[in-house]
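# Remarks on the overall topology
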Amino acid sequence: MTILRAVGLGKRFGDLAVINGVDLAVAKGERIAIIGASGSGKSTLLRCLNFMEVPDTGTIELDGRAIGVDKGGRRVYREFELTQVRQRVGMVFQQFNLFPHMTAAENVMEGPRTVRGHDKQAARERALGELARVGLTDKADTYPAHLSGGQRQRVAIARALAMDPEMLLFDEPTSALDPELVGEVLNVIRALAEEGTTMLLVTHELGFAYHVATRVIFLAEGRILEQGTPDQILKFPKEARTRAFIESHRQFTF
Amino acid sequence: MYSWDFTPVVANADLLAVGLINTLRVTGAALVFGVALGLVLALSRLSRRRLAAWPAGFVIEVFRTTPPLVQLFWFFFALPLVIGIEMTPYMAAVTTFSIQSAAFFAEVFRAGIESVERGQWDAARAIGMNHAQALRRVILPQAVKRMIPAFMERAIELMKTTTLVATISYADLLFAANEVSQKTFRPLETYTVVALVYFAVIFLASLLARRVEFAMARSGEGTLR
Amino acid sequence: MRWDFASVLAHGDALLVGAAGTLRIFALSLVLGLGLGLVVGLGRHARRRWLYLPATAFVEFFRNTPVLVQIIWFYFALPMLLPFAISPLAAATLGIALNSAAFSAEIYRGGIQSIDRGQWDGASALGMSWAQAMRRIILPQAIKRMLPALTNRAIEIFKMSTLASAIAYVELLHQGKLIASLYFNPIETYTTVAVLFFVILWPLVQMSYRLERRLKRNE
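### A few points about the sheet that holds strand S5 (residues 65-66) of chain A
All names here are of chain A. Pairing within the open sheet is antiparallel, and its four strands lie in the order S2-S1-S4-S5. Each having just a single partner strand, strand S2 (16-27) and S5 make up the two edges of the open sheet. Note that strand S1 (residues 2-13) and strand S4 (residues 57-62) share five bridges and pair antiparallel. Residue pairing in the sheet places Val 7 in a bridge with Thr 59 of S4. Strands in contact with helix H1 (residues 42-49) are S1, S2 and S4; relative to S1, the strand with the most contacts, it is inclined by about 125°.

Pasting the structure below:
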């Protein structure tokens, strides 16, 4: 069952075409890893899928419904509809973007409370549940300033989960973390994967991608150069550029 | 429907022009004395000698925490009785606004001096300079460049504050406006023109200040706010 | 030198009436000025030209014209266009409030812009509308940073209340003028008025210093 379908996506920044014609279909339960060099458009592609960036060309369908309306050949988007989309497609950022003036629990509660309109008590119970899921029950009433990077990212994941998203987008979730803190976040993501969460993961952690993803997409210059199973892309890539990329990221062989 | 008529205002343009010149005279004088006095106050405040720091601190705090108009009235009506000297509106105005702006300039000086890294003092002293030499040759030259935008901002503030002199019958632009408006029975046109003249002069000054700040930012100088 | 503070103190009630007038103008101008300032500040922050340009024009005009000129304009010039007169309180409040709105608009804009872009992203990603993001995430963080500058604005507004005496509004300085002219004791009277202002504003000024220091420490 396809949750999200993107057809002919394009996005320019000034003269530069960062996304240059991308077609993507995401089925329920899929875990897609998007890899590629810096500047290949990975983050921009992800950000288009929940309309944090608005695509210049192409359409995106969520559960079969196309977002936006056609007006004279161009696609026009109403902010109201976009906020609705973002309630259904969650995102976790490289820089966490936790709200510093709220505790961990309050951060997680914020979506259900302000966006969904739940009452405080119900929201707090839900928040504590999600924090337990990421292993941070004891940090519920701590402020982000007193949390480690790995803890902050886990709170950010809990915050996204509290909205019951149909799909989660991870934008390089461990790139800003100290190496010894990367593991705790990857473990949470792996657990979510095992529970069947639909997710797209932009990451440099190729080993993690290999073990967790159901599909790997290699992006180059705003286009999908190759995609397939982890084995197909990470172990036996067909394209020369894909091969070069994988080689340059191979730190150790075990 | 009100019928606008600017001709009486234009006919009295010479009165207004004199007023504008007087405004600039007071502002200019207060600016010059204010900056000089501000430096003295700042250095006294920073001095380690209580005899210098305390009075300076007192002056700065009093003149920043009381309304300029009250200060002006005090200098115009009260001071002559205390020291037995006749004060013309001009003298009272320049005295008041010199000290008042000096209190604010002192803060700009202090911030500027303190913004120069400790290492500069160390280096100056290491080659045998005393405090005054270090200040004069090493610290102040670096501090002054950074303070220029803040100075210009305070100078523009001063331009606006000096309009208060109209209340003690000094013939500045606002006072002239009052005269012309009573003479021509056209307060709307008169005051509108005068307001626009003030706006033009002050806005130009403020654009100039922004240009200077931009040019300095370009050249890599850090600035204070 | 004969000092005559007695006659000043004897009219303590007149000074009290003046103080009440001062507080009235202060409160009105503070609320109107800082309130309007927020609206204009948001306009200055907006990307749409029809919001940004009027807001900028407003800020540039009311920051670059002296308040006394505005007060006089509202009191003497505006009534020519209206079928009714404008009271001294209204004219003075208008002048001070509009000026304060223009200055505080820049404070608000600076505060909002200083909030890291990532906070907008975080709020957006949860599906918050612009208004929700502003209300729950951006403004609460921005207010803390704007507090020292806004406190300074409040102090300036309090000092500007004296300008209302120029159009015979009954505030503290006006009462001082009255007493001084009746008893020929300008030294005692104006010193008393100055001291009164100092005593009222000093705690505010101290608080603003402390807020500034705390902000610098937390940066």
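Next comes the rest of the write-up.
### Comments concerning the nonpolar core
Counting 98 residues, the largest nonpolar core has Phe97(B), Phe58(C) and Leu163(C) as its most contacted members. Filtering out sequence-adjacent residues up to four positions away, Phe97(B) remains in contact with Val26(B), Ala30(B), Pro68(B), Leu72(B), Ala102(B), Leu158(B), Thr161(B), Thr162(B), Leu164(B) and Val165(B). Within the second largest apolar cluster, 35 residues are counted, among which are Ala127(A), Ala156(A), Leu177(A) and Ala193(A).

### Some words on the interface of chain A and chain C
The interface is formed by 22 residues belonging to chain A together with 19 residues belonging to chain C. Approximately 1,600 Å² of surface area, both sides summed, lies buried where chain A meets chain C, with 59% of it carried by carbon and sulfur atoms. Linking chain A with chain C are two salt bridges, by the criterion used here. Note that Arg47(A) is salt-bridged to Asp121(C), the shortest N-O span being 3.3 Å. Taken together, the links from chain A to chain C amount to eight residue pairs in polar contact (both at pLDDT 80 or more). Of all elements in the fold, only helix H2 (79-88), strand S8 (89-92) and helix H3 (104-115) of chain A reach the threshold of two or more residues within the side of chain A that touches chain C. Broken down by element, the residue count for the side of chain A that touches chain C peaks at five residues, all from H3(A). Its residues placed into classes, the side of chain A that touches chain C shows ten nonpolar, seven polar and five charged.

About the criteria used
- Residues numbered from 1 in each chain as written.
- Chains lettered and ligands numbered in written order.
- Predicted model: local features only at pLDDT ≥ 70, side-chain atom pairs only at ≥ 80, totals over all residues.
- Heavy atoms only, no water.
- Pairing = 2+ DSSP bridges.
- Helix = DSSP H or I, 4+ residues; strand = E, 2+ residues; numbered from the N terminus.
- Contact = heavy atoms within 4.5 Å.
- Axes fitted to C-alpha atoms, helices over the stretch in contact; angles between N-to-C directions.
- Core = buried A, V, L, I, M, F, W, Y, C linked by side-chain atoms within 4.5 Å.
- Buried < 20%, exposed > 50% of the residue type's maximum accessible area, 1.4 Å probe, protein only.
- Buried area = accessible area lost by both parts, 1.4 Å probe.
- Salt bridge = Lys/Arg side-chain N within 4 Å of Asp/Glu carboxyl O.
- Polar contact = N/O pair within 3.5 Å; in protein donor to acceptor, adjacent residues only side chain to side chain.
- Nonpolar A, V, L, I, M, F, W, Y, C, P; charged D, E, K, R; others polar.

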